[in-house]
Amino acid sequence: MKKLFSILTMVSLATMLGLAGCSQGSSTTSKTSDQDQGSTVEVATEASGPIVINQEIPDQEILSKGPDGEAAVSAKTLELTEEEVQKIIEGNFKAAIVMHYAGNDWATAQIEGLKATFAKMGIEVVAVTDAQFKAEKQVSDIETVLAKDPDIIVGIPVDPVSTASAFKKAADAGVKIVFMDNKPNNLDAGKDYVSVVSADNYGNGVQAAEIMAEELGGKGNIGVIYHDADYFVTKQRVEAFEKTITEKYPDIKIVERGGIVAPNDGEKVASGMLTKNPNLDGMFVVWDVPAEGALASARTAGRNDLVITTIDLGTTVAIDIASDGMIKGLGAQLPYDQGISEAILAGYGLLGKEAPAYVAVPALKVTPDNVLDSWKLVYSKEAPDTIQEAAK
(Lines give C-alpha, C1' and ligand atoms only; values in the text may rest on other atoms or scores of the structure.)
Protein backbone atom coordinates (compact mmCIF):
# COMPACT_ATOMS: atom_id res chain seq x y z
CA MET A 1 0.00 0.00 0.00
CA LYS A 2 2.82 2.40 0.80
CA LYS A 3 4.37 1.83 -2.63
CA LEU A 4 1.00 2.31 -4.35
CA PHE A 5 0.37 5.51 -2.42
CA SER A 6 3.80 6.82 -3.46
CA ILE A 7 3.13 6.09 -7.12
CA LEU A 8 -0.32 7.68 -7.06
CA THR A 9 1.09 10.72 -5.29
CA MET A 10 3.76 11.18 -7.94
CA VAL A 11 1.22 10.79 -10.72
CA SER A 12 -1.11 13.35 -9.20
CA LEU A 13 1.80 15.72 -8.88
CA ALA A 14 2.69 15.15 -12.50
CA THR A 15 -0.62 16.56 -13.64
CA MET A 16 0.36 19.87 -12.10
CA LEU A 17 3.80 20.17 -13.71
CA GLY A 18 4.16 23.43 -15.53
CA LEU A 19 0.74 24.53 -14.26
CA ALA A 20 1.51 25.25 -10.61
CA GLY A 21 0.72 28.66 -9.24
CA CYS A 22 -1.76 29.55 -11.99
CA SER A 23 -4.40 31.01 -9.69
CA GLN A 24 -3.47 34.57 -10.61
CA GLY A 25 -4.65 34.69 -14.20
CA SER A 26 -4.47 32.63 -17.35
CA SER A 27 -2.53 33.02 -20.57
CA THR A 28 -3.27 32.94 -24.25
CA THR A 29 -0.70 32.44 -26.96
CA SER A 30 0.21 33.91 -30.31
CA LYS A 31 2.31 31.99 -32.80
CA THR A 32 5.43 33.01 -34.64
CA SER A 33 7.09 30.99 -37.36
CA ASP A 34 10.65 29.77 -36.96
CA GLN A 35 11.68 29.72 -40.60
CA ASP A 36 15.04 28.02 -40.11
CA GLN A 37 13.62 25.16 -38.07
CA GLY A 38 10.30 24.73 -39.88
CA SER A 39 8.41 24.84 -36.59
CA THR A 40 5.94 27.06 -34.80
CA VAL A 41 6.83 28.77 -31.54
CA GLU A 42 4.18 29.83 -29.03
CA VAL A 43 4.67 33.16 -27.26
CA ALA A 44 2.55 33.96 -24.21
CA THR A 45 0.36 37.00 -23.92
CA GLU A 46 -1.26 37.25 -20.51
CA ALA A 47 -5.04 37.61 -20.44
CA SER A 48 -5.36 38.69 -16.83
CA GLY A 49 -1.92 39.09 -15.40
CA PRO A 50 1.25 37.01 -14.96
CA ILE A 51 1.44 33.66 -13.18
CA VAL A 52 3.77 32.16 -10.62
CA ILE A 53 6.05 29.58 -12.25
CA ASN A 54 7.32 26.77 -10.03
CA GLN A 55 7.36 22.98 -9.86
CA GLU A 56 5.41 20.37 -7.95
CA ILE A 57 7.74 17.38 -8.08
CA PRO A 58 8.58 14.58 -5.63
CA ASP A 59 10.62 15.81 -2.68
CA GLN A 60 13.39 13.30 -2.13
CA GLU A 61 17.12 13.23 -1.50
CA ILE A 62 19.38 14.01 -4.48
CA LEU A 63 22.49 11.80 -4.53
CA SER A 64 24.37 13.48 -7.39
CA LYS A 65 26.89 16.30 -7.16
CA GLY A 66 27.62 18.90 -9.81
CA PRO A 67 30.46 19.02 -12.38
CA ASP A 68 32.72 20.86 -9.92
CA GLY A 69 31.61 18.87 -6.89
CA GLU A 70 28.78 21.27 -6.02
CA ALA A 71 26.02 20.06 -3.74
CA ALA A 72 22.78 19.64 -5.66
CA VAL A 73 19.86 21.96 -5.03
CA SER A 74 16.46 20.42 -5.69
CA ALA A 75 14.51 21.82 -8.64
CA LYS A 76 11.55 21.93 -6.26
CA THR A 77 13.03 25.09 -4.70
CA LEU A 78 12.95 27.14 -7.93
CA GLU A 79 10.29 29.81 -8.44
CA LEU A 80 9.51 32.95 -10.38
CA THR A 81 6.93 35.22 -8.72
CA GLU A 82 4.15 37.03 -10.57
CA GLU A 83 6.14 40.27 -10.43
CA GLU A 84 9.26 38.58 -11.78
CA VAL A 85 7.33 36.92 -14.61
CA GLN A 86 5.78 40.27 -15.50
CA LYS A 87 9.23 41.88 -15.76
CA ILE A 88 10.36 39.10 -18.08
CA ILE A 89 7.23 39.39 -20.24
CA GLU A 90 7.89 43.12 -20.62
CA GLY A 91 11.42 42.42 -21.84
CA ASN A 92 10.34 40.65 -25.07
CA PHE A 93 13.27 38.27 -24.78
CA LYS A 94 14.44 35.60 -27.22
CA ALA A 95 15.88 32.17 -26.48
CA ALA A 96 17.68 29.43 -28.42
CA ILE A 97 17.93 25.75 -27.51
CA VAL A 98 21.22 24.10 -28.50
CA MET A 99 20.99 20.31 -28.22
CA HIS A 100 23.74 17.72 -28.47
CA TYR A 101 21.20 15.35 -30.00
CA ALA A 102 17.49 15.81 -30.54
CA GLY A 103 16.44 12.40 -31.81
CA ASN A 104 15.06 10.68 -28.72
CA ASP A 105 12.21 10.94 -26.21
CA TRP A 106 14.44 12.54 -23.57
CA ALA A 107 15.44 15.42 -25.83
CA THR A 108 11.89 15.90 -27.09
CA ALA A 109 10.56 16.15 -23.54
CA GLN A 110 13.26 18.65 -22.53
CA ILE A 111 12.42 20.86 -25.50
CA GLU A 112 8.68 20.64 -24.80
CA GLY A 113 9.21 21.61 -21.15
CA LEU A 114 11.38 24.55 -22.18
CA LYS A 115 8.99 25.81 -24.85
CA ALA A 116 5.92 25.52 -22.63
CA THR A 117 7.58 27.45 -19.80
CA PHE A 118 9.14 30.08 -22.06
CA ALA A 119 5.67 30.67 -23.52
CA LYS A 120 4.38 31.55 -20.04
CA MET A 121 7.26 34.03 -19.73
CA GLY A 122 6.59 35.68 -23.10
CA ILE A 123 9.96 34.45 -24.40
CA GLU A 124 10.21 33.64 -28.10
CA VAL A 125 12.18 30.50 -29.03
CA VAL A 126 14.06 31.50 -32.19
CA ALA A 127 15.98 28.27 -32.82
CA VAL A 128 16.30 24.63 -31.78
CA THR A 129 19.45 22.93 -33.06
CA ASP A 130 20.61 19.30 -33.18
CA ALA A 131 24.36 18.70 -33.23
CA GLN A 132 23.92 14.96 -33.88
CA PHE A 133 26.63 14.25 -31.27
CA LYS A 134 29.22 16.12 -33.37
CA ALA A 135 31.20 18.81 -31.55
CA GLU A 136 32.14 20.64 -34.74
CA LYS A 137 28.49 20.86 -35.76
CA GLN A 138 27.52 22.22 -32.37
CA VAL A 139 30.17 24.94 -32.65
CA SER A 140 28.67 25.87 -36.03
CA ASP A 141 25.16 25.74 -34.53
CA ILE A 142 26.16 28.22 -31.83
CA GLU A 143 27.55 30.62 -34.45
CA THR A 144 24.29 30.38 -36.38
CA VAL A 145 22.23 30.91 -33.24
CA LEU A 146 24.23 33.97 -32.17
CA ALA A 147 23.35 35.63 -35.46
CA LYS A 148 19.72 35.59 -34.25
CA ASP A 149 20.76 37.73 -31.25
CA PRO A 150 19.22 35.60 -28.47
CA ASP A 151 19.10 36.76 -24.87
CA ILE A 152 19.18 33.17 -23.63
CA ILE A 153 20.84 29.93 -24.71
CA VAL A 154 19.89 26.65 -23.08
CA GLY A 155 22.32 23.98 -24.24
CA ILE A 156 24.04 20.71 -23.60
CA PRO A 157 27.64 20.54 -24.80
CA VAL A 158 28.61 17.60 -26.99
CA ASP A 159 32.14 17.78 -25.64
CA PRO A 160 33.28 19.94 -22.70
CA VAL A 161 36.60 20.80 -24.38
CA SER A 162 35.77 21.30 -28.07
CA THR A 163 32.69 23.45 -27.50
CA ALA A 164 34.06 25.59 -24.67
CA SER A 165 35.25 28.52 -26.80
CA ALA A 166 31.93 28.75 -28.67
CA PHE A 167 29.89 28.83 -25.46
CA LYS A 168 32.38 31.29 -23.96
CA LYS A 169 31.87 33.58 -26.96
CA ALA A 170 28.13 33.54 -26.29
CA ALA A 171 28.70 34.31 -22.60
CA ASP A 172 31.02 37.19 -23.42
CA ALA A 173 28.32 38.59 -25.72
CA GLY A 174 26.02 38.83 -22.71
CA VAL A 175 23.85 35.81 -23.46
CA LYS A 176 22.41 34.16 -20.35
CA ILE A 177 23.36 30.49 -20.59
CA VAL A 178 21.80 27.54 -18.76
CA PHE A 179 23.35 24.12 -19.30
CA MET A 180 21.70 20.72 -19.32
CA ASP A 181 23.63 17.95 -17.54
CA ASN A 182 27.18 19.11 -18.28
CA LYS A 183 29.20 22.29 -18.71
CA PRO A 184 32.15 23.20 -20.93
CA ASN A 185 35.60 23.37 -19.38
CA ASN A 186 36.81 26.61 -17.81
CA LEU A 187 33.41 28.28 -17.63
CA ASP A 188 32.32 29.47 -14.20
CA ALA A 189 28.85 29.51 -12.62
CA GLY A 190 27.55 33.00 -11.91
CA LYS A 191 30.00 34.50 -14.37
CA ASP A 192 29.84 32.63 -17.68
CA TYR A 193 26.60 30.74 -17.12
CA VAL A 194 23.62 30.80 -14.79
CA SER A 195 23.39 27.16 -13.69
CA VAL A 196 23.58 23.50 -14.69
CA VAL A 197 20.38 21.43 -14.49
CA SER A 198 20.46 17.66 -14.43
CA ALA A 199 18.64 14.59 -13.28
CA ASP A 200 19.90 12.76 -10.23
CA ASN A 201 22.09 10.60 -12.44
CA TYR A 202 23.89 9.01 -9.51
CA GLY A 203 20.53 8.12 -7.98
CA ASN A 204 19.37 6.62 -11.27
CA GLY A 205 22.50 4.48 -11.45
CA VAL A 206 21.73 3.20 -7.96
CA GLN A 207 18.16 2.36 -9.01
CA ALA A 208 19.41 0.40 -12.05
CA ALA A 209 21.79 -1.56 -9.82
CA GLU A 210 19.08 -2.38 -7.28
CA ILE A 211 16.78 -3.68 -10.02
CA MET A 212 19.60 -5.81 -11.45
CA ALA A 213 20.40 -7.29 -8.04
CA GLU A 214 16.76 -8.07 -7.31
CA GLU A 215 16.24 -9.78 -10.67
CA LEU A 216 19.41 -11.88 -10.28
CA GLY A 217 18.66 -12.84 -6.70
CA GLY A 218 21.88 -11.18 -5.56
CA LYS A 219 24.30 -13.33 -7.56
CA GLY A 220 25.59 -13.76 -11.09
CA ASN A 221 28.00 -12.41 -13.70
CA ILE A 222 27.22 -9.16 -15.48
CA GLY A 223 28.61 -6.81 -18.10
CA VAL A 224 28.62 -3.02 -18.15
CA ILE A 225 28.33 -0.90 -21.29
CA TYR A 226 29.58 2.60 -20.50
CA HIS A 227 29.93 5.86 -22.43
CA ASP A 228 33.53 6.13 -23.62
CA ALA A 229 33.65 9.92 -23.51
CA ASP A 230 34.48 12.72 -21.10
CA TYR A 231 30.87 13.16 -20.14
CA PHE A 232 30.03 14.05 -16.59
CA VAL A 233 26.51 12.64 -16.22
CA THR A 234 27.10 9.32 -17.95
CA LYS A 235 30.18 8.78 -15.79
CA GLN A 236 28.04 9.37 -12.71
CA ARG A 237 25.55 6.70 -13.76
CA VAL A 238 28.19 4.05 -14.29
CA GLU A 239 30.04 4.96 -11.12
CA ALA A 240 26.84 4.67 -9.09
CA PHE A 241 25.83 1.38 -10.70
CA GLU A 242 29.24 -0.26 -10.24
CA LYS A 243 29.77 1.04 -6.72
CA THR A 244 26.34 -0.18 -5.60
CA ILE A 245 26.89 -3.64 -7.10
CA THR A 246 30.42 -3.96 -5.72
CA GLU A 247 29.67 -2.75 -2.20
CA LYS A 248 26.19 -4.18 -1.62
CA TYR A 249 26.16 -7.34 -3.72
CA PRO A 250 29.53 -9.13 -3.53
CA ASP A 251 28.13 -12.25 -5.25
CA ILE A 252 27.41 -10.26 -8.41
CA LYS A 253 30.59 -9.96 -10.44
CA ILE A 254 31.25 -7.40 -13.17
CA VAL A 255 33.18 -9.63 -15.55
CA GLU A 256 33.21 -7.47 -18.68
CA ARG A 257 33.11 -3.75 -19.55
CA GLY A 258 32.68 -2.24 -23.00
CA GLY A 259 32.53 1.37 -24.14
CA ILE A 260 30.34 3.08 -26.72
CA VAL A 261 31.15 6.34 -28.47
CA ALA A 262 27.87 6.86 -30.31
CA PRO A 263 24.32 5.79 -29.32
CA ASN A 264 24.08 3.23 -32.11
CA ASP A 265 27.19 1.36 -30.88
CA GLY A 266 25.18 -0.58 -28.31
CA GLU A 267 24.39 -3.60 -30.48
CA LYS A 268 27.99 -4.07 -31.62
CA VAL A 269 29.46 -3.77 -28.12
CA ALA A 270 26.81 -6.03 -26.57
CA SER A 271 27.30 -8.63 -29.31
CA GLY A 272 31.03 -8.80 -28.61
CA MET A 273 30.36 -9.05 -24.90
CA LEU A 274 27.94 -11.95 -25.31
CA THR A 275 30.27 -13.74 -27.70
CA LYS A 276 33.09 -13.56 -25.19
CA ASN A 277 30.83 -14.37 -22.22
CA PRO A 278 28.01 -16.65 -23.48
CA ASN A 279 26.80 -17.35 -19.95
CA LEU A 280 26.47 -13.72 -18.91
CA ASP A 281 23.52 -13.23 -16.56
CA GLY A 282 22.95 -9.51 -16.88
CA MET A 283 23.98 -6.30 -18.60
CA PHE A 284 23.81 -2.64 -17.58
CA VAL A 285 23.71 -0.14 -20.44
CA VAL A 286 24.36 3.53 -19.79
CA TRP A 287 21.21 4.86 -21.46
CA ASP A 288 18.17 3.64 -23.36
CA VAL A 289 19.23 4.05 -27.01
CA PRO A 290 22.32 1.80 -26.75
CA ALA A 291 20.22 -0.47 -24.52
CA GLU A 292 17.93 -0.97 -27.51
CA GLY A 293 20.99 -2.24 -29.39
CA ALA A 294 21.90 -4.54 -26.51
CA LEU A 295 18.35 -5.88 -26.55
CA ALA A 296 18.58 -6.62 -30.27
CA SER A 297 21.94 -8.32 -29.78
CA ALA A 298 20.59 -10.53 -27.00
CA ARG A 299 17.65 -11.57 -29.16
CA THR A 300 19.97 -12.45 -32.03
CA ALA A 301 22.07 -14.56 -29.66
CA GLY A 302 18.98 -16.34 -28.35
CA ARG A 303 19.57 -14.90 -24.87
CA ASN A 304 15.99 -14.08 -23.92
CA ASP A 305 16.90 -14.80 -20.29
CA LEU A 306 19.42 -11.93 -20.09
CA VAL A 307 18.60 -9.28 -17.49
CA ILE A 308 19.12 -5.75 -18.79
CA THR A 309 18.83 -2.48 -16.86
CA THR A 310 19.51 1.04 -18.08
CA ILE A 311 18.75 4.76 -17.62
CA ASP A 312 16.02 6.85 -19.38
CA LEU A 313 12.46 5.86 -20.18
CA GLY A 314 12.30 5.84 -23.99
CA THR A 315 9.47 4.28 -25.97
CA THR A 316 11.25 1.08 -27.03
CA VAL A 317 12.58 0.21 -23.59
CA ALA A 318 9.21 1.10 -22.01
CA ILE A 319 7.47 -1.38 -24.32
CA ASP A 320 9.96 -4.09 -23.36
CA ILE A 321 9.55 -3.38 -19.64
CA ALA A 322 5.75 -3.33 -19.94
CA SER A 323 5.70 -6.67 -21.77
CA ASP A 324 8.01 -8.31 -19.19
CA GLY A 325 10.89 -8.57 -21.64
CA MET A 326 14.62 -8.61 -20.99
CA ILE A 327 14.76 -5.00 -19.81
CA LYS A 328 13.54 -5.46 -16.25
CA GLY A 329 13.62 -1.83 -15.21
CA LEU A 330 15.59 1.39 -15.18
CA GLY A 331 16.31 4.64 -13.46
CA ALA A 332 14.39 7.44 -15.19
CA GLN A 333 15.13 11.09 -15.51
CA LEU A 334 12.34 13.67 -15.50
CA PRO A 335 13.26 15.55 -18.70
CA TYR A 336 10.09 17.63 -18.99
CA ASP A 337 10.73 18.91 -15.47
CA GLN A 338 14.35 19.58 -16.35
CA GLY A 339 13.11 21.77 -19.19
CA ILE A 340 10.87 23.70 -16.79
CA SER A 341 13.81 24.17 -14.40
CA GLU A 342 16.10 25.39 -17.17
CA ALA A 343 13.55 27.96 -18.31
CA ILE A 344 13.03 29.20 -14.75
CA LEU A 345 16.79 29.56 -14.27
CA ALA A 346 17.06 31.44 -17.55
CA GLY A 347 14.56 33.83 -15.98
CA TYR A 348 16.85 34.11 -12.95
CA GLY A 349 19.65 35.11 -15.30
CA LEU A 350 17.57 37.79 -17.03
CA LEU A 351 16.54 39.25 -13.68
CA GLY A 352 19.99 39.08 -12.12
CA LYS A 353 18.54 36.82 -9.44
CA GLU A 354 21.02 34.62 -7.58
CA ALA A 355 20.90 31.04 -8.80
CA PRO A 356 22.35 27.79 -7.45
CA ALA A 357 25.28 26.48 -9.49
CA TYR A 358 23.81 22.98 -9.82
CA VAL A 359 20.16 21.95 -9.78
CA ALA A 360 18.77 18.41 -10.03
CA VAL A 361 15.42 16.68 -10.30
CA PRO A 362 14.90 13.40 -8.42
CA ALA A 363 15.55 9.87 -9.70
CA LEU A 364 12.66 7.57 -10.53
CA LYS A 365 12.70 3.76 -10.33
CA VAL A 366 10.71 2.22 -13.19
CA THR A 367 9.60 -1.43 -13.27
CA PRO A 368 6.75 -3.34 -14.94
CA ASP A 369 4.57 -2.50 -11.91
CA ASN A 370 4.68 1.27 -12.47
CA VAL A 371 5.78 1.82 -16.08
CA LEU A 372 2.52 3.51 -17.19
CA ASP A 373 2.36 5.79 -14.16
CA SER A 374 6.06 6.56 -14.55
CA TRP A 375 5.59 7.55 -18.19
CA LYS A 376 2.97 10.08 -17.15
CA LEU A 377 5.26 11.50 -14.49
CA VAL A 378 8.26 11.67 -16.83
CA TYR A 379 6.51 13.18 -19.85
CA SER A 380 3.42 14.86 -18.36
CA LYS A 381 1.10 12.88 -20.64
CA GLU A 382 -0.36 9.41 -20.94
CA ALA A 383 1.79 6.60 -22.30
CA PRO A 384 1.39 5.93 -26.04
CA ASP A 385 -0.99 3.16 -27.09
CA THR A 386 1.94 0.87 -27.95
CA ILE A 387 3.14 0.92 -24.35
CA GLN A 388 -0.35 0.59 -22.92
CA GLU A 389 -1.03 -2.42 -25.14
CA ALA A 390 2.26 -4.04 -24.10
CA ALA A 391 1.28 -3.64 -20.44
CA LYS A 392 -1.99 -5.57 -20.82
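Everything numeric in this text was worked out from a predicted model, so none of it was measured.

A separate point is the sheet that holds strand β7 (residues 124–130). Pairing within the open sheet is parallel, and its seven strands lie in the order β4-β16-β10-β9-β8-β6-β7. Because the sheet does not close on itself, it has two edges, and the strands there are β4 (73–74) and β7. Pairing geometry for strand β6 (residues 94–99) and β7, over six bridges, is parallel. Residue pairing across strands places Val 98 opposite Thr 129, the latter belonging to β7. Here helix α5 (residues 164–172) sits on the sheet and contacts β8 (152–155) and β9 (176–180); the angle it forms with β9, its principal contact strand, is near 145°.

Right, let's get into the nonpolar core. Ranked by size, the top nonpolar core spans 118 residues in total, and within it Phe 118, Ile 123, Ile 153, Phe 241, Met 283 and Leu 313 carry the most contacts. Take this core: its biggest share by element is eight residues, from helix α11 (residues 335–351).

Another point: the packing of helix α4 (residues 135–146) against α5. It is the contact of α4 with α5, at a shortest axis distance of 9 Å, that shows an interaxial angle of 15°. The angle between α4 and α5 falls in the class roughly parallel. At the point where α4 passes α5, the crossing takes the left-handed sense. Across the interface between the two elements, Gln 138, Val 139, Ile 142, Glu 143 and Leu 146 from α4 touch Ala 166, Phe 167, Lys 169 and Ala 170 from α5.

With that out of the way, let us pick up the side chain of Gln 110. Mapped onto the fold, Gln 110 is located in helix α3 (residues 105–120). Residue contacts for Gln 110: discarding those within four places in its chain leaves Met 180, Pro 335, Gln 338, Gly 339 and Glu 342.

Where helix α6 (residues 201–216) meets helix α7 (residues 232–248), the closest approach of the two axes is 7 Å, and the angle between their N-to-C directions is 40°. One finds that α6 runs oblique with respect to α7. Viewed along their axes, α6 and α7 form a crossing whose handedness is right-handed. Contact with α6, carried on its side by Asn 201, Tyr 202, Gly 205, Val 206, Ala 208, Ala 209, Glu 210 and Met 212, involves Val 233, Gln 236, Arg 237, Glu 239, Ala 240, Phe 241, Lys 243, Thr 244, Ile 245 and Lys 248 of α7 and no other residues of that element. Each residue belonging to the contact of α6 with α7 can be placed in one class, and the counts come to nine nonpolar, four polar and five charged.

Bringing the packing of aromatic side chains into the picture now. All told, the structure shown has six aromatic pairs when counted by the stated rule. Summarising the aromatic geometry, the rings of Phe 241 and Phe 284 are spaced 4.2 Å apart at their centres and angled 10° between planes, so their arrangement reads as stacked. Taken together, the residues span a long stretch of sequence, with Phe 241 in helix α7 and Phe 284 in strand β13 (residues 282–285) at a distance of 43 residues. Taken together through their ring pairs, the aromatic side chains of Tyr 101, Phe 133 and Trp 287 make up a single cluster. The side chain of Arg 257 reaches across the aromatic face of Tyr 226, ending 4.5 Å from its centre.

For strand β14 (residues 307–311), a buried count of five out of five residues is recorded, marking the element as mostly surrounded by other parts of the structure. Taking every second residue as pointing to the same face, both faces of β14 are buried, with Val 307, Thr 309 and Ile 311 on one and Ile 308 and Thr 310 on the other. Pairing geometry for β13 and β14, over three bridges, is parallel. The partner of Phe 284 across the bridge, within β14, is Thr 309. This β-α-β element, β13 to helix α9 (residues 288–300) to β14, shows right-handed connectivity. Taken together, the four bridges between β14 and strand β15 (residues 327–332) define a ladder with parallel strand orientation. For Ile 311, the partnering residue across the bridge sits in β15 and is Gly 331. Between the parallel pair β14 and β15, the chain is carried across by helix α10 (residues 315–322), and the sense of this crossover is right-handed.

Here the focus is α7. For α7, built from 17 residues, the straight-helix expectation of 24 Å at 1.5 Å per residue is met to within 8% by its first-to-last C-alpha distance of 24 Å. All of the buried residues along α7 are Phe 232, Val 233, Thr 234, Gln 236, Arg 237, Val 238, Ala 240, Phe 241, Glu 242, Thr 244 and Ile 245.

On to the sheet that holds strand β11 (residues 220–227), then. Read across the open sheet, the six strands follow the order β12-β11-β13-β14-β15-β17; overall the sheet is mixed. Strand pairing shows two members of the sheet lacking a second neighbour, β12 (252–260) and β17 (364–366), which therefore form its edges. Each neighbouring strand pair of the sheet contributes to a mean axis angle of 15°, computed without reference to strand direction. Of the pairings in the sheet, the one linking β11 to β12 comprises eight bridges and is parallel in character. Counterpart to Gly 223 in the pairing with β12 is Glu 256. Against the sheet, helix α8 (residues 266–276) makes contact with β11, β12 and β13, and its axis sits at roughly 140° relative to β12, the strand it touches most.

Pairing is possible between side chains of opposite charge, provided their charged atoms come close. The full count for this structure, using the stated rule, is 17 salt bridges. Among the ionic pairs, Asp 305 bridges to Arg 303, the shortest N-O distance being 2.8 Å. By relative accessible area, Asp 305 is classed as exposed at 53%. Classification of Arg 303 as buried rests on a relative accessible area of 12%.

Conventions used here
Residues numbered from 1 in each chain as written. Predicted model: local features only at pLDDT ≥ 70, side-chain atom pairs only at ≥ 80, totals over all residues. Heavy atoms only, no water. Pairing = 2+ DSSP bridges. Helix = DSSP H or I, 4+ residues; strand = E, 2+ residues; numbered from the N terminus. Contact = heavy atoms within 4.5 Å. Axes fitted to C-alpha atoms, helices over the stretch in contact; angles between N-to-C directions. Core = buried A, V, L, I, M, F, W, Y, C linked by side-chain atoms within 4.5 Å. Buried < 20%, exposed > 50% of the residue type's maximum accessible area, 1.4 Å probe, protein only. Parallel < 35°, antiparallel > 145°, perpendicular 65-115°, else oblique. Left-handed = near helix turned anticlockwise from the far one by under 90°. Nonpolar A, V, L, I, M, F, W, Y, C, P; charged D, E, K, R; others polar. Phe/Tyr/Trp six-rings, centres within 6.5 Å; stacked < 30°, edge-to-face > 60°. Lys NZ or Arg CZ within 6 Å of the ring centre and 35° of its normal. Right-handed = clockwise from strand over helix to strand, strands pointing away. Expected span 1.5 Å × (residues − 1). Salt bridge = Lys/Arg side-chain N within 4 Å of Asp/Glu carboxyl O.

Any functional reading would require information beyond the geometric quantities listed.
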